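# Survey of secondary and tertiary structure
Here is how the chains run, residue by residue.
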Amino acid sequence: MSTSQEPSPAGPPRSLSPSRASDFMQCPLLYRFRVIDRLPEKPSEAATRGTLVHAVLERLFDAPAGERTPPRAKSLIPAQWDRLLESRPELGGLFEGDVDGGRLARWLGEAEALVERWFSLEDPTRLEPAEREMFVETELESGLRLRGVIDRVDVAPTGEVRIVDYKTGKAPRPEYSEGALFQMKFYALVVWRLRDVVPRRLQLVYLGSGDVLTYDPVPADLERVERKLLALWEAIQQATESGDWRPRPTKLCGWCDHQAVCPEFGGTPPVYPLSISPAGPSEDGQGRMGLDQM
Ligand code: SF4
(Lines give C-alpha, C1' and ligand atoms only; values in the text may rest on other atoms or scores of the structure.)
Protein backbone atom coordinates (compact mmCIF):
# COMPACT_ATOMS: atom_id res chain seq x y z
CA MET A 1 0.00 0.00 0.00
CA SER A 2 1.12 3.40 -0.73
CA THR A 3 2.24 5.44 2.27
CA SER A 4 3.23 8.98 3.09
CA GLN A 5 5.75 10.62 5.32
CA GLU A 6 4.46 13.35 7.56
CA PRO A 7 6.81 16.25 8.03
CA SER A 8 5.42 19.26 9.87
CA PRO A 9 3.82 21.80 7.50
CA ALA A 10 6.36 23.67 5.41
CA GLY A 11 9.22 21.89 7.12
CA PRO A 12 12.18 20.21 5.52
CA PRO A 13 11.80 16.50 4.74
CA ARG A 14 12.87 14.33 7.66
CA SER A 15 12.39 10.81 6.37
CA LEU A 16 11.74 8.82 3.26
CA SER A 17 8.89 6.46 2.38
CA PRO A 18 8.66 4.38 -0.81
CA SER A 19 5.94 6.56 -2.31
CA ARG A 20 7.76 9.81 -1.67
CA ALA A 21 11.02 8.32 -2.97
CA SER A 22 9.14 7.38 -6.15
CA ASP A 23 7.71 10.90 -6.35
CA PHE A 24 11.18 12.40 -6.31
CA MET A 25 12.41 9.98 -8.94
CA GLN A 26 9.39 10.78 -11.10
CA CYS A 27 9.56 14.56 -10.70
CA PRO A 28 11.45 16.58 -8.05
CA LEU A 29 8.90 19.40 -8.26
CA LEU A 30 6.06 16.99 -7.55
CA TYR A 31 7.97 15.87 -4.46
CA ARG A 32 8.29 19.49 -3.34
CA PHE A 33 4.56 20.15 -3.81
CA ARG A 34 3.64 17.08 -1.81
CA VAL A 35 6.21 17.06 0.97
CA ILE A 36 7.26 20.67 1.48
CA ASP A 37 4.31 22.78 0.30
CA ARG A 38 1.84 20.05 1.21
CA LEU A 39 -0.55 21.20 -1.47
CA PRO A 40 -3.94 19.50 -1.25
CA GLU A 41 -4.85 16.90 -3.85
CA LYS A 42 -8.26 15.79 -5.01
CA PRO A 43 -9.18 12.28 -3.89
CA SER A 44 -9.63 9.91 -6.81
CA GLU A 45 -12.08 7.07 -7.19
CA ALA A 46 -9.27 4.63 -8.01
CA ALA A 47 -7.07 5.52 -5.04
CA THR A 48 -10.03 5.52 -2.66
CA ARG A 49 -11.17 2.13 -3.96
CA GLY A 50 -7.64 0.89 -3.25
CA THR A 51 -7.82 2.17 0.32
CA LEU A 52 -11.22 0.52 0.81
CA VAL A 53 -10.08 -2.85 -0.57
CA HIS A 54 -6.96 -2.78 1.60
CA ALA A 55 -9.10 -2.13 4.68
CA VAL A 56 -11.40 -5.05 3.82
CA LEU A 57 -8.52 -7.48 3.28
CA GLU A 58 -6.96 -6.41 6.54
CA ARG A 59 -10.15 -6.74 8.58
CA LEU A 60 -11.02 -10.13 7.09
CA PHE A 61 -8.22 -11.69 9.14
CA ASP A 62 -10.13 -10.76 12.32
CA ALA A 63 -12.46 -13.65 11.47
CA PRO A 64 -11.55 -17.26 12.31
CA ALA A 65 -9.69 -18.93 9.43
CA GLY A 66 -12.67 -21.04 8.30
CA GLU A 67 -14.88 -17.97 7.95
CA ARG A 68 -12.61 -16.00 5.62
CA THR A 69 -14.81 -16.53 2.60
CA PRO A 70 -15.65 -14.27 -0.36
CA PRO A 71 -19.19 -13.51 0.95
CA ARG A 72 -17.76 -12.61 4.36
CA ALA A 73 -15.14 -10.36 2.76
CA LYS A 74 -17.71 -8.63 0.54
CA SER A 75 -20.01 -8.10 3.51
CA LEU A 76 -17.28 -5.99 5.12
CA ILE A 77 -17.29 -3.43 2.31
CA PRO A 78 -20.21 -1.18 3.39
CA ALA A 79 -18.98 -0.83 6.98
CA GLN A 80 -15.40 -0.16 5.88
CA TRP A 81 -16.63 2.46 3.42
CA ASP A 82 -18.58 4.14 6.25
CA ARG A 83 -15.49 4.12 8.43
CA LEU A 84 -13.43 5.64 5.66
CA LEU A 85 -16.00 8.39 5.13
CA GLU A 86 -16.04 9.09 8.84
CA SER A 87 -12.27 9.52 9.02
CA ARG A 88 -12.03 11.42 5.72
CA PRO A 89 -15.34 13.21 5.11
CA GLU A 90 -13.94 14.87 1.97
CA LEU A 91 -14.24 11.50 0.21
CA GLY A 92 -18.00 12.02 0.14
CA GLY A 93 -17.33 14.61 -2.58
CA LEU A 94 -16.34 11.80 -4.95
CA PHE A 95 -19.99 10.97 -5.48
CA GLU A 96 -21.46 14.45 -5.40
CA GLY A 97 -24.29 14.78 -7.88
CA ASP A 98 -24.74 11.01 -8.03
CA VAL A 99 -28.46 11.46 -7.45
CA ASP A 100 -29.66 7.91 -8.03
CA GLY A 101 -26.59 6.36 -6.35
CA GLY A 102 -25.71 4.54 -9.56
CA ARG A 103 -22.11 5.68 -9.68
CA LEU A 104 -21.49 4.76 -6.05
CA ALA A 105 -23.12 1.36 -6.59
CA ARG A 106 -20.90 0.71 -9.62
CA TRP A 107 -17.81 1.78 -7.70
CA LEU A 108 -18.69 -0.47 -4.76
CA GLY A 109 -19.27 -3.29 -7.25
CA GLU A 110 -15.76 -2.78 -8.61
CA ALA A 111 -14.37 -2.98 -5.08
CA GLU A 112 -16.31 -6.25 -4.61
CA ALA A 113 -14.82 -7.68 -7.80
CA LEU A 114 -11.29 -6.85 -6.62
CA VAL A 115 -11.93 -8.44 -3.22
CA GLU A 116 -13.37 -11.52 -4.88
CA ARG A 117 -10.40 -11.86 -7.23
CA TRP A 118 -8.06 -12.00 -4.28
CA PHE A 119 -9.45 -15.42 -3.39
CA SER A 120 -8.21 -16.80 -6.71
CA LEU A 121 -4.68 -15.60 -5.85
CA GLU A 122 -4.34 -16.40 -2.16
CA ASP A 123 -6.22 -18.57 0.32
CA PRO A 124 -6.78 -16.62 3.54
CA THR A 125 -8.08 -19.73 5.32
CA ARG A 126 -4.51 -21.03 5.18
CA LEU A 127 -2.80 -17.79 6.20
CA GLU A 128 -2.16 -16.45 9.67
CA PRO A 129 -0.40 -13.12 9.15
CA ALA A 130 2.17 -12.10 11.73
CA GLU A 131 1.42 -8.44 10.97
CA ARG A 132 -1.14 -6.45 9.02
CA GLU A 133 -0.80 -2.82 8.03
CA MET A 134 2.46 -2.72 9.95
CA PHE A 135 4.05 0.69 10.39
CA VAL A 136 7.82 0.34 10.14
CA GLU A 137 10.54 2.87 10.70
CA THR A 138 14.27 2.60 10.99
CA GLU A 139 17.28 4.86 10.91
CA LEU A 140 20.24 3.94 8.74
CA GLU A 141 23.80 4.51 9.94
CA SER A 142 23.89 7.66 7.83
CA GLY A 143 21.00 9.09 9.86
CA LEU A 144 18.46 8.68 7.05
CA ARG A 145 15.12 7.58 8.45
CA LEU A 146 13.05 5.18 6.36
CA ARG A 147 9.40 4.55 7.08
CA GLY A 148 6.32 3.03 5.59
CA VAL A 149 3.39 0.70 6.08
CA ILE A 150 3.60 -2.96 5.02
CA ASP A 151 0.28 -4.53 4.05
CA ARG A 152 1.04 -7.98 5.43
CA VAL A 153 3.94 -9.88 6.93
CA ASP A 154 3.83 -13.69 7.06
CA VAL A 155 6.32 -15.60 9.17
CA ALA A 156 6.80 -19.34 8.53
CA PRO A 157 7.40 -21.74 11.44
CA THR A 158 11.03 -21.82 10.24
CA GLY A 159 11.25 -18.06 10.86
CA GLU A 160 11.31 -17.13 7.17
CA VAL A 161 9.63 -13.81 6.48
CA ARG A 162 7.39 -12.96 3.53
CA ILE A 163 6.38 -9.38 2.82
CA VAL A 164 3.11 -9.00 0.93
CA ASP A 165 1.67 -5.93 -0.75
CA TYR A 166 -1.74 -5.67 -2.39
CA LYS A 167 -2.14 -3.61 -5.54
CA THR A 168 -5.59 -2.86 -6.87
CA GLY A 169 -4.22 -1.98 -10.29
CA LYS A 170 -2.85 -4.26 -12.98
CA ALA A 171 0.59 -5.86 -12.95
CA PRO A 172 3.16 -3.88 -14.93
CA ARG A 173 4.75 -5.33 -18.03
CA PRO A 174 7.94 -7.26 -17.12
CA GLU A 175 10.19 -4.43 -18.31
CA TYR A 176 8.55 -2.13 -15.73
CA SER A 177 8.46 -4.56 -12.81
CA GLU A 178 11.67 -3.11 -11.31
CA GLY A 179 9.77 0.01 -10.27
CA ALA A 180 7.15 -2.06 -8.48
CA LEU A 181 9.82 -4.13 -6.77
CA PHE A 182 11.62 -1.02 -5.56
CA GLN A 183 8.96 -0.43 -2.91
CA MET A 184 9.18 -4.05 -1.78
CA LYS A 185 12.98 -3.95 -1.57
CA PHE A 186 12.66 -0.74 0.43
CA TYR A 187 10.47 -2.57 2.95
CA ALA A 188 12.79 -5.57 2.91
CA LEU A 189 15.70 -3.29 3.77
CA VAL A 190 13.75 -1.78 6.67
CA VAL A 191 12.78 -5.22 8.00
CA TRP A 192 16.37 -6.41 7.62
CA ARG A 193 17.65 -3.45 9.60
CA LEU A 194 14.93 -3.79 12.26
CA ARG A 195 14.92 -7.56 12.74
CA ASP A 196 18.27 -8.62 11.37
CA VAL A 197 16.50 -11.00 8.97
CA VAL A 198 16.55 -10.70 5.19
CA PRO A 199 12.98 -11.45 4.11
CA ARG A 200 12.83 -14.71 2.19
CA ARG A 201 10.22 -13.50 -0.28
CA LEU A 202 8.62 -10.27 -1.51
CA GLN A 203 5.16 -10.74 -2.97
CA LEU A 204 3.05 -8.28 -4.93
CA VAL A 205 -0.56 -9.31 -5.36
CA TYR A 206 -2.21 -7.51 -8.29
CA LEU A 207 -5.95 -7.65 -7.80
CA GLY A 208 -6.62 -5.64 -10.96
CA SER A 209 -5.17 -8.24 -13.30
CA GLY A 210 -5.03 -11.33 -11.09
CA ASP A 211 -1.23 -11.65 -11.07
CA VAL A 212 1.23 -12.39 -8.32
CA LEU A 213 4.78 -11.13 -8.69
CA THR A 214 7.40 -12.55 -6.34
CA TYR A 215 11.05 -11.83 -5.75
CA ASP A 216 13.47 -13.52 -3.36
CA PRO A 217 16.00 -10.88 -2.31
CA VAL A 218 19.60 -11.42 -1.27
CA PRO A 219 21.60 -9.02 0.92
CA ALA A 220 23.37 -7.52 -2.13
CA ASP A 221 19.96 -6.42 -3.53
CA LEU A 222 19.12 -4.61 -0.35
CA GLU A 223 22.54 -3.02 -0.06
CA ARG A 224 22.03 -1.70 -3.58
CA VAL A 225 18.68 -0.21 -2.58
CA GLU A 226 20.31 1.37 0.46
CA ARG A 227 22.94 3.04 -1.72
CA LYS A 228 20.25 4.26 -4.07
CA LEU A 229 18.22 5.71 -1.19
CA LEU A 230 21.24 7.47 0.23
CA ALA A 231 21.97 9.10 -3.13
CA LEU A 232 18.32 10.04 -3.44
CA TRP A 233 18.30 11.56 0.01
CA GLU A 234 21.41 13.58 -0.75
CA ALA A 235 19.72 14.98 -3.87
CA ILE A 236 16.59 15.79 -1.84
CA GLN A 237 18.65 17.59 0.77
CA GLN A 238 20.49 19.60 -1.88
CA ALA A 239 17.20 20.63 -3.43
CA THR A 240 15.73 21.49 -0.03
CA GLU A 241 18.62 23.81 0.74
CA SER A 242 18.84 25.41 -2.68
CA GLY A 243 15.10 25.59 -3.38
CA ASP A 244 15.91 24.25 -6.84
CA TRP A 245 13.18 21.70 -7.52
CA ARG A 246 13.02 20.98 -11.22
CA PRO A 247 9.93 19.76 -12.98
CA ARG A 248 10.45 16.58 -14.95
CA PRO A 249 7.57 16.24 -17.37
CA THR A 250 6.52 12.76 -18.42
CA LYS A 251 3.26 11.19 -19.49
CA LEU A 252 2.52 10.81 -15.75
CA CYS A 253 1.85 14.59 -15.68
CA GLY A 254 -1.62 13.64 -16.87
CA TRP A 255 -2.33 12.34 -13.35
CA CYS A 256 -0.66 15.24 -11.53
CA ASP A 257 -2.96 17.52 -9.53
CA HIS A 258 -0.51 20.42 -9.67
CA GLN A 259 -0.38 21.43 -13.33
CA ALA A 260 -1.85 24.85 -12.45
CA VAL A 261 1.29 25.69 -10.42
CA CYS A 262 3.79 23.84 -12.61
CA PRO A 263 6.03 25.86 -14.96
CA GLU A 264 5.80 23.06 -17.53
CA PHE A 265 2.11 23.94 -17.86
CA GLY A 266 2.48 27.72 -17.65
CA GLY A 267 1.95 27.90 -13.88
CA THR A 268 4.01 29.48 -11.11
CA PRO A 269 4.86 27.49 -7.97
CA PRO A 270 3.92 29.04 -4.62
CA VAL A 271 6.63 31.04 -2.82
CA TYR A 272 9.17 28.57 -1.46
CA PRO A 273 8.32 28.25 2.23
CA LEU A 274 11.82 27.33 3.46
CA SER A 275 14.91 29.46 3.73
CA ILE A 276 17.39 29.01 0.92
CA SER A 277 21.05 28.43 1.68
CA PRO A 278 23.41 31.28 0.66
CA ALA A 279 25.09 28.98 -1.88
CA GLY A 280 21.99 29.38 -4.02
CA PRO A 281 20.62 26.94 -6.55
CA SER A 282 22.97 24.12 -7.44
CA GLU A 283 24.22 23.99 -10.99
CA ASP A 284 23.91 20.22 -10.95
CA GLY A 285 20.14 20.40 -10.83
CA GLN A 286 18.70 17.33 -9.20
CA GLY A 287 16.21 17.13 -12.01
CA ARG A 288 18.97 15.95 -14.33
CA MET A 289 20.70 13.50 -12.06
CA GLY A 290 19.18 10.47 -13.69
CA LEU A 291 18.21 8.98 -10.33
CA ASP A 292 16.10 6.36 -12.04
CA GLN A 293 19.25 5.00 -13.61
CA MET A 294 21.03 4.47 -10.29
S1 SF4 B 1 2.75 18.45 -13.93
FE2 SF4 B 1 4.42 17.00 -14.35
S3 SF4 B 1 6.29 18.24 -14.34
FE4 SF4 B 1 4.68 19.43 -13.33
S5 SF4 B 1 4.88 18.96 -11.13
FE6 SF4 B 1 3.36 17.57 -11.96
S7 SF4 B 1 4.54 15.73 -12.48
FE8 SF4 B 1 6.01 17.41 -12.28
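About the criteria used
- Residues numbered from 1 in each chain as written.
- Predicted model: local features only at pLDDT ≥ 70, side-chain atom pairs only at ≥ 80, totals over all residues.
- Helix = DSSP H or I, 4+ residues; strand = E, 2+ residues; numbered from the N terminus.
- Rg over C-alpha atoms; globule rule 2.2 N^0.38 Å.
- Buried ≥ 20, exposed ≤ 12 C-beta atoms within 10 Å, placed from the backbone.
- Domains from an automatic or database assignment.
- Contact = placed C-beta atoms within 7 Å.
- Nonpolar A, V, L, I, M, F, W, Y, C, P; charged D, E, K, R; others polar.
- Core = buried A, V, L, I, M, F, W, Y, C linked by C-beta atoms within 7 Å.

### Some details on the overall build of the protein chain
- From N to C terminus, the protein chain includes eight helices and five strands.
- When the helices and strands of the protein chain are read in sequence order from the N terminus, they spell out α-α-α-α-α-α-β-β-β-α-β-β-α.
- Relative to the compact-globule value of 19 Å for 294 residues, the protein chain shows a C-alpha radius of gyration of 20 Å, a close match.
- Dimensions of the protein chain, computed from the C-alpha atoms along their principal axes, are close to 65 × 55 × 35 Å.
- In the protein chain, buried positions account for 29% of the 294 residues.

### Focus on the domain arrangement of the protein chain
- Assigned domains within the protein chain: domain 1 (45-126) and domain 2 (131-224).
- Placing a centre on the C-alpha atoms of domain 1 and another on those of domain 2 gives a separation of 23 Å.
- Contacts between the two partners involve 13 residues from domain 1 and, on the opposite side, 10 residues from domain 2.
- Elements with a minimum of two residues in the side of domain 1 that touches domain 2: α3 (45-60) and α6 (102-121).
- Here the side of domain 1 that touches domain 2 gets six residues from one element, more than from any other, and that element is α3.
- For the side of domain 1 that touches domain 2, the per-class residue count stands at six nonpolar, three polar and four charged.

### Quick word on the nonpolar core
- With 55 residues, the main nonpolar core has Val53, Ile163, Tyr187, Ala188 and Val191 as its most contacted residues.
- Here this core gathers at least three residues from each of two domains, domain 1 (45-126) and domain 2 (131-224).
- Setting aside anything within four residues of it in sequence, one finds Val53 in contact with Ala111, Leu114, Val115, Thr168 and Leu207.

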